[in-house]
Amino acid sequence: MPDLLSPQPAAAAGFEQYIREYSGGVLALSSILLGKGSEAERVTAGTFNKLYEPYCKGKLKAADFPVEAYRECILQCTKSAKSRNLRTSKELSWDDQLVKALWYGLLLPLPEIGKILGKSLPALKAQLRQVREHTAGQKPLRSQANLSIV
């Protein structure tokens, strides 16, 4: 018989709220990095599966949830891309693709991107400048931000 005093059901209900709130952004990020399809959906589900236990055990604070969700998504996308030998852009490094996806694709503010990637704002600004210069001849991704996925 389940323990009715266990915090597990309350934690699960709170976690479901986070899934509703952040699954669109996590799916958008995985779709930008891996392409739309079943792999992006698998990574999205895997991201929330990985965060469930730490959340229920109180190891994941509510304020840190979005940052940790994007970090876990990036980790799983990186593993998937390596296993499939996938690079979404032949010209940009994977690290530059991450910055481009978070800034132009998800429209996240620089301080949040800095937290997600563990980078200082000056380093992040310099990297974005290089990405902009590199992609100056291409159609900007920012004009297409918040695609129908989100």
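In this text, all values refer to a predicted model and were calculated from it rather than measured experimentally.

S.K.: Sorry, what's going on with helix H5 (residues 110-117) here?
M.R.: Quick reminder: α-helices carry 3.6 residues per turn. Residues three or four places apart thus point the same way. Those residues of H5 that fall on the buried side of the exposure criterion are Leu110, Ile113, Gly114, Ile116 and Leu117. Seen along its axis, H5 keeps its buried residues to an arc of 165°; they face one direction. At its buried positions, H5 is contacted by helix H3 (65-83), helix H4 (94-105) and helix H6 (121-134). Positioned one or two residues after H5, Gly118 has a phi angle of 65°, which is positive.

S.K.: So what exactly am I meant to see when it comes to the environment of Asp96 here?
M.R.: Along the polypeptide, Asp96 turns up in helix H4. Placed 35 residues apart in sequence, Asp96 and Val131 show a C-alpha to C-alpha distance of 6.6 Å. Not counting chain neighbours up to four residues away, the residues in contact with Asp96 comprise Gln127 and Val131.

S.K.: Looking at this structure, I do not really get the packing of H3 against H5. What am I missing?
M.R.: Relative orientation and spacing of two packed helices are given, respectively, by the angle between their axes and the distance between those axes. Following both chains from N to C, one finds H3 and H5 inclined at 55°, their axes separated by 9 Å at the closest point. In terms of orientation, H3 lies oblique with respect to H5. Judged by the sense of rotation from one axis to the other, the crossing of H3 with H5 is right-handed. Where H3 approaches H5, its residues Pro66, Val67, Tyr70, Arg71 and Ile74 are matched on the opposing element by Glu112, Lys115, Ile116 and Leu117. Broken down by class, the residue content of the contact of H3 with H5 amounts to 6 nonpolar, no polar and 3 charged.

S.K.: Please explain the pattern of salt bridges as it appears in this structure.
M.R.: Any two side chains of opposite charge can pair, so long as their charged atoms come close to each other. In total, this model carries 4 salt bridges according to the counting rule given. Between Arg71 and Glu68 there is a salt bridge, and its shortest N-O distance comes to 2.9 Å. Here Glu68 and Arg71 lie together in helix H3, a separation of 3 residues that amounts to about one turn. A salt bridge links Asp95 to Lys119; its shortest N-O distance comes to 2.6 Å. Residue Asp95 is found in helix H4, and its partner Lys119 is found in the loop between H5 and H6; the two are separated by 24 residues along the sequence. On the basis of relative accessibility, which here comes to 24%, the residue Lys119 falls in the partly exposed class.

Rules behind the numbers
Counting of residues starts from 1 at the beginning of each chain's written sequence and follows it residue by residue. Given that the model is predicted, a residue must reach a pLDDT of at least 70 before its local features are reported, and side-chain atom pairs must reach 80 or more before they are shown or counted; all residues, however, enter totals for whole chains, interfaces and linings. Calculated side-chain values reflect all of the structure's heavy atoms, with hydrogen atoms and water omitted. Burial here depends on accessible area, computed with a 1.4 Å probe over protein chains only, as a share of the maximum for the residue type. Under 20% is buried, over 50% is exposed, and the range in between is partly exposed. Only DSSP runs of H or I covering at least 4 residues are called helices, and only runs of E covering at least 2 are called strands; the numbering of each starts at the N terminus. Arc definition: it is the arc formed by the directions from the helix axis to the C-beta atoms. Contacts are assigned to residue pairs with any non-hydrogen atoms lying within 4.5 Å of each other. Under this scheme, a helix contributes an axis fitted over its contacting stretch, all axes are lines through C-alpha atoms, and angles between N-to-C directions fall in the 0 to 180 degree range. Roughly parallel means an angle under 35 degrees; roughly antiparallel, over 145; roughly perpendicular, 65 to 115; everything else is oblique. Left-handed describes a crossing whose near helix is turned anticlockwise from the far helix through less than a right angle; right-handed describes the clockwise counterpart. In this classification, the charged set is Asp, Glu, Lys and Arg, the nonpolar set is Ala, Val, Leu, Ile, Met, Phe, Trp, Tyr, Cys and Pro, and all remaining amino acids, among them Gly, are polar. A carboxyl oxygen of Asp or Glu within 4 Å of a side-chain nitrogen of Lys or Arg is what we treat as a salt bridge.

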